[in-house]
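A structural walkthrough
The primary structure of each chain is shown beneath.
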Amino acid sequence: MTEQPEAGRPGAEQVEERRPSLWTAAGAWRGVLIAVGIFALTRVAQLLILVWLGSAAADGTSLRGRLLVWDAGWFLRVAVDGYPHSYTYDTQHVLQGNELAFFPLYPMLIRGFAAIGLSAQSAALLVSWTASIAAAVALHLLGTTLYGKRTGWALVAICCSAPVSVVLSMAYSEALFLALVAGMLVAAHRQVWWAAGLLGLGAALTRPTGAAAALALAVAALMAVRRNPRKPWPPLLAAAVAMAGVPLFLAWVGWRVGDWSAWFRIQTAGWGTSFDYGRSTWLFLSDTLSRGDGWIPMSVALILLAALAAAGVALAGRPWPPLAVYGVVAMVLVYGQAGFYHSKPRLLLPVLLTLLPAAVAAARARPRVAVLAITAWAAFGLWYGAYLITIWPYTL
């Protein structure tokens with residue numbers, strides 16, 4: 001049967017008290033537990049694939065060690081030692097990247113859990129896994145409030161088994177960011193402004209793309225004020241709180257170092273990250289598709305093109321404007337910046353706009369067809385992410 005959008009679909013203007021309870025629409029405890037169960041299946045499957053590929057790699061790295069590589073080390077150093085007070089230079093006095101490039105909320109949570117007796121590494125994984133469960137619930141609620149509970153379940157399955165969704169099990173900040181952004185969008189759509197503002201601020205203090213989430217919340221707030229100009233302050237205050245997050249952290253880094261451009265200089269020195277209006281992405285796609293012979297660069301190029309196409313399909317369907325704004329701005333930030341090309345699929349994971357067409361299509365398809373299609377997607381996505389952290393030698 002085709003799933004019919006509910007009365008609270010994107011763009012529909014209706015009085016808040018007439019909306020059905022989101023908890024009821026999402027299937028109450030049964031619906032939420034199904035979403036968590038779907039997420040758990042993806043994690044168990046990926047861990048099994050990691051064990052299999054790890055035994056084939058035979059490099060002596062444990063499963064736990066694979067989940068604590070690369071950026072995890074930076075987060076752990078912030079959590080244990082705090083932020084440095086200045087720039088970092090090598091022996092030739094060349095500027096290097098340091099911990100000031102990493103936003104504070106995730107390492108703060110690691111430090112909080114470590115304070116109760118856990119090791120920093122265990123705390124980092126616990127925060128990430130807990131945030132992943134919260135993200136699964138928030139994704140289900142988001143899909144439900146926008147379209148219906150079948151879309152919510154499909155969104156959980158597609159997002160949590162996407163290529164590079166392995167970071168949801170790693171000591172990375174993507175799981176926390178995804179939970180906060182999805183939760184913020186749910187709260188804004190249901191007009192729970194205090195929650196939307198706090199979740200938006202949390203997202204802005206987790207990753208720089210939190211600026212895109214804050215802008216989306218501002219759009220939702222303006223829509224709410226237009227509908228009800230007599231009560232403008234709750235939505236506008238929520239948007240202001242969220243929009244303050246990224247500028248405040250960048251200003252704090254500048255004050256700490258004594259250079260207001262410090263965060264940007266550290267990013268460029270350490271990871272080659274700078275906004276070049278998509279020039280680097282264009283050159284990567286052009287070179288890879290015309291002369292490349294490595295399958296990882298080719299697969300990344302195809303993922304980037306597929307994400308653009310999916311975003312176009314999603315926008316053609318006229319999604320809820322704040323979700324569209326968040327997705328478009330986040331994609332501009334990902335495609336418009338220079339940096340490691342193989343990190344871009346990871347950065348695209350929380351950009352929910354690219355997953356929306358597949359989730360809506362799966363919800364409308366016959367259950368058997370939807371399950372088979374998502375299973376095929378998951379088989380590739382879960383293996384791909386596991387391959388990248390066991391066989392592929394470079395950072396995500």
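Throughout what follows, the structure given in this document is the object of discussion. (Residues numbered from 1 in each chain as written. Predicted model: local features only at pLDDT ≥ 70, side-chain atom pairs only at ≥ 80, totals over all residues. Heavy atoms only, no water.)

When helices and strands are counted, the protein chain shows 18 helices and 4 strands. In terms of overall dimensions, the protein chain has C-alpha extents of about 65 × 50 × 50 Å along its principal axes. Across the 396 residues that make up the protein chain, the buried fraction comes to 54%. For the protein chain, long-range pairs separated by at least 24 residues make up 76% of all intrachain contacts whose partners lie at least 6 apart in sequence. With the model as given, the accessible surface of the protein chain reaches about 17800 Å², and the carbon-plus-sulfur share is 67%. (Helix = DSSP H or I, 4+ residues; strand = E, 2+ residues; numbered from the N terminus. Buried < 20%, exposed > 50% of the residue type's maximum accessible area, 1.4 Å probe, protein only. Contact = heavy atoms within 4.5 Å. Areas by Shrake-Rupley, 256 points an atom, 1.4 Å probe, with all protein chains shown as cover.)

Looking now at the layout of surface pockets. Of the pockets and cavities examined, the largest pocket occupies roughly 850 Å³. The wall of the largest pocket is formed by 38 residues, among which P208, W263, Q267, T273 and Q337 lie closest to the centre. Within the residue set of the lining of the largest pocket, elements represented by two or more residues are α4 (71-81), α8 (174-189), α11 (233-257), α12 (262-271), β3 (274-275), α15 (321-336), β4 (337-338) and α16 (344-348). With 5 residues, α12 is the largest single contributor of residues to the lining of the largest pocket. Of the residues assigned to the lining of the largest pocket, the class counts are 22 nonpolar, 11 polar and 5 charged. (1 Å grid on protein atoms, 1.4 Å probe; cavity = no way out; pocket = protein on both sides within 12 Å on 5 of 7 lines; lining within 4 Å. Points joined across faces, edges and corners; volume = space filled by probe spheres on them. Nonpolar A, V, L, I, M, F, W, Y, C, P; charged D, E, K, R; others polar.)

Right, let's get into the packing of helix α10 (residues 210-227) against α11. Between α10 and α11, the shortest axis-to-axis distance is 8 Å and the interhelical angle comes to 165°. Classified by the angle their axes make, α10 and α11 are roughly antiparallel. The two elements α10 and α11 meet at a crossing, and its hand is left-handed. Along the contact surface, α10 presents G210, A211, A214, L217, A218, A221, L222, A224 and V225, while α11 presents P235, L236, A238, A239, A242, M243 and V246. Partitioned by chemical class, the residues of the contact of α10 with α11 number 15 nonpolar, 1 polar and no charged. (Axes fitted to C-alpha atoms, helices over the stretch in contact; angles between N-to-C directions. Parallel < 35°, antiparallel > 145°, perpendicular 65-115°, else oblique. Left-handed = near helix turned anticlockwise from the far one by under 90°.)

All right, on to helix α13 (residues 279-291) then. Here α13 spans 18 Å end to end across 13 residues, near enough to the 18 Å set by a 1.5 Å rise per residue. T281, F284, L285 and T288 are the residues of α13 that are buried. Seen end-on, α13 carries its buried residues on one side only, within an arc spanning 95°. In α13, the exposed residues that point more than 90 degrees away from the buried face are R279, W282, S290 and R291. (Expected span 1.5 Å × (residues − 1). Arc of directions from axis to C-beta.)

So, on to the packing of aromatic side chains. Aromatic ring pairs are defined here through the distance separating the ring centres and the angle between the ring planes. Across all of its chains, the model carries 22 aromatic pairs by this definition. Pairing F75 with F102 gives two aromatic rings, centres 5.1 Å apart and planes at 75°, and the pair type is edge-to-face. Placement of the pair is F75 in helix α4 and F102 in the loop between β2 (95-96) and α5 (105-114), with a sequence separation of 27 residues. Exposure remark for F75: the relative accessible area of 4% places this residue in the buried category. The exposure class assigned to F102 is buried, which follows from its relative accessible area of 9%. One aromatic cluster in this structure is built from Y83, F103, F249, W252, W263 and F264. Lying across the ring of W74, R77 places its NZ or CZ 4.6 Å from the centre. (Phe/Tyr/Trp six-rings, centres within 6.5 Å; stacked < 30°, edge-to-face > 60°. Lys NZ or Arg CZ within 6 Å of the ring centre and 35° of its normal.)

Right, let's get into the side chain of T273. Looking at the secondary structure, you find T273 in the loop between α12 and β3. What makes T273 buried here is its relative accessible area of 17%. Excluding anything up to four places from it in sequence, T273 contacts F264, Q267, T268, Q337, A338 and G339.

So, about helix α17 (residues 356-364). Turning to α17, its buried residues number three or more, namely L356, A359, V360, A362 and A363. Summarising the axial view, the buried residues of α17 lie within an arc of 160°, below the 170-degree limit, and thus occupy one face. Elements that come into contact with the buried residues of α17 comprise α7 (149-160), α14 (295-316), α15 and α18 (367-390).

Time to look at the pattern of salt bridges. Applying the stated criterion across every chain, the model contains 7 salt bridges. The salt bridge partner of R346 is E174, with a shortest N-O separation of 2.7 Å. With R346 in helix α16 and E174 in helix α8, this residue pair connects regions lying 172 residues apart in the sequence. For R346, a relative accessible area of 5% translates into the label buried. Close ionic contact of D259 with R265 constitutes a salt bridge, the shortest N to O distance being 3.1 Å. The class of R265 is partly exposed, set by a relative accessible area of 39%. Residues joined in a network through salt bridges with shared partners are D71, E174, R207 and R346. (Salt bridge = Lys/Arg side-chain N within 4 Å of Asp/Glu carboxyl O.)

Positive phi, normally seen in glycine, also occurs at Q191, with a value near 60°. Along the chain, the position of Q191 falls in the loop between α8 and α9 (193-204). Here Y277, not a glycine, exhibits a phi torsion of approximately 65°, which is positive. Along the chain, the position of Y277 falls in the loop between β3 and α13.

Packed helices, taken two at a time, are described by the angle between their axes plus the distance between the axes. Put simply, helix α2 (residues 28-57) and α7 touch, their axes get as near as 9 Å, and they point 15° apart. By the angle between their axes, α2 is roughly parallel relative to α7. Judged by the twist between their axes, the crossing of α2 over α7 is right-handed. Two secondary-structure elements touch here, α2 through G31, I34, A35, I38, F39, T42 and R43 and α7 through W153, V156, A157 and C160.

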